[in-house]
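# Chain and residue survey
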Amino acid sequence: MGSLLHGCKNLMNKMDDAQLSHIFRECNATTNSLAKCSTLHELGLVCFDSPPAHAADAFLDDLCSVTRTRNTGNCLSI
């Protein structure tokens, strides 16, 4: 993971105005869905002409700005 972050930092340093921000997976369901299935593809750039079946619902939700709750895992058991 460290070499990935180092590579990203080096790439960003070569850009004039690169910015990095955190976006919760609930706010970007398409990316989350694609990331979950990324191990099914060969290494390298994968391009889609349309959203793949496993990401189509998430894509439509993102397109329509569907809101989702964030599960923080901070549940107390009594």
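So, a few notes on the structure that sits alongside this text.

What counts and what doesn't
- Residues numbered from 1 in each chain as written.
- Predicted model: local features only at pLDDT ≥ 70, side-chain atom pairs only at ≥ 80, totals over all residues.
- Heavy atoms only, no water.
- Helix = DSSP H or I, 4+ residues; strand = E, 2+ residues; numbered from the N terminus.
- Buried < 20%, exposed > 50% of the residue type's maximum accessible area, 1.4 Å probe, protein only.
- Contact = heavy atoms within 4.5 Å.
- Areas by Shrake-Rupley, 256 points an atom, 1.4 Å probe, with all protein chains shown as cover.
- Expected span 1.5 Å × (residues − 1).
- Axes fitted to C-alpha atoms, helices over the stretch in contact; angles between N-to-C directions.
- Parallel < 35°, antiparallel > 145°, perpendicular 65-115°, else oblique.
- Left-handed = near helix turned anticlockwise from the far one by under 90°.
- Nonpolar A, V, L, I, M, F, W, Y, C, P; charged D, E, K, R; others polar.

To continue, consider the overall build of the protein. Within the protein, the secondary structure is distributed over 3 helices and 0 strands. The secondary structure elements of the protein, listed N-terminal to C-terminal, are α-α-α. The proportion of buried residues among the 78 residues of the protein is 10%. Excluding contacts between residues fewer than 6 apart, the proportion of contacts in the protein whose partners are at least 24 apart in sequence is 47%. With the model as given, the accessible surface of the protein reaches about 7300 Å², and the carbon-plus-sulfur share is 58%.

All right, on to helix α1 (residues 2-13) then. Taking 1.5 Å of rise per residue, the 12 residues of α1 would be expected to cover 16 Å, and the 16 Å separating its terminal C-alpha atoms lies within 8% of that figure. Taking burial as the measure, the 12 residues of α1 include 0 buried ones, a minor fraction of the element.

What follows covers the environment of Leu-34. Along the polypeptide, Leu-34 turns up in helix α2 (residues 29-36). With relative accessibility at 29%, the residue Leu-34 sits in the partly exposed group. Each C-alpha atom of the pair Leu-34 and Pro-52 lies 8.6 Å from the other, and the pair is 18 residues apart in sequence. With residues up to four places along the chain from it excluded, the contact list for Leu-34 reads Phe-48, Pro-52, His-54 and Ala-55.

Here we come to unusual backbone geometry. At Ser-65, a position not held by glycine, the phi torsion is positive, near 55°. Turning to its location among the elements, Ser-65 is positioned in the segment after α3 (53-63). Owing to a relative accessible area of 59%, Ser-65 belongs among the exposed residues under this scheme.

Axis separation between α2 and α3 bottoms out at 7 Å; the angle between their running directions is 165°. Taken together, α2 and α3 sit at an angle that is classed as roughly antiparallel. Relative to α3, the crossing made by α2 is right-handed. Of the residues in α3, those in contact with Ala-29, Thr-30, Ser-33 and Leu-34 of α2 are His-54, Ala-55, Ala-58, Phe-59 and Asp-62. Along the lines of polarity and charge, the residues of the contact of α2 with α3 split into 5 nonpolar, 3 polar and 1 charged.

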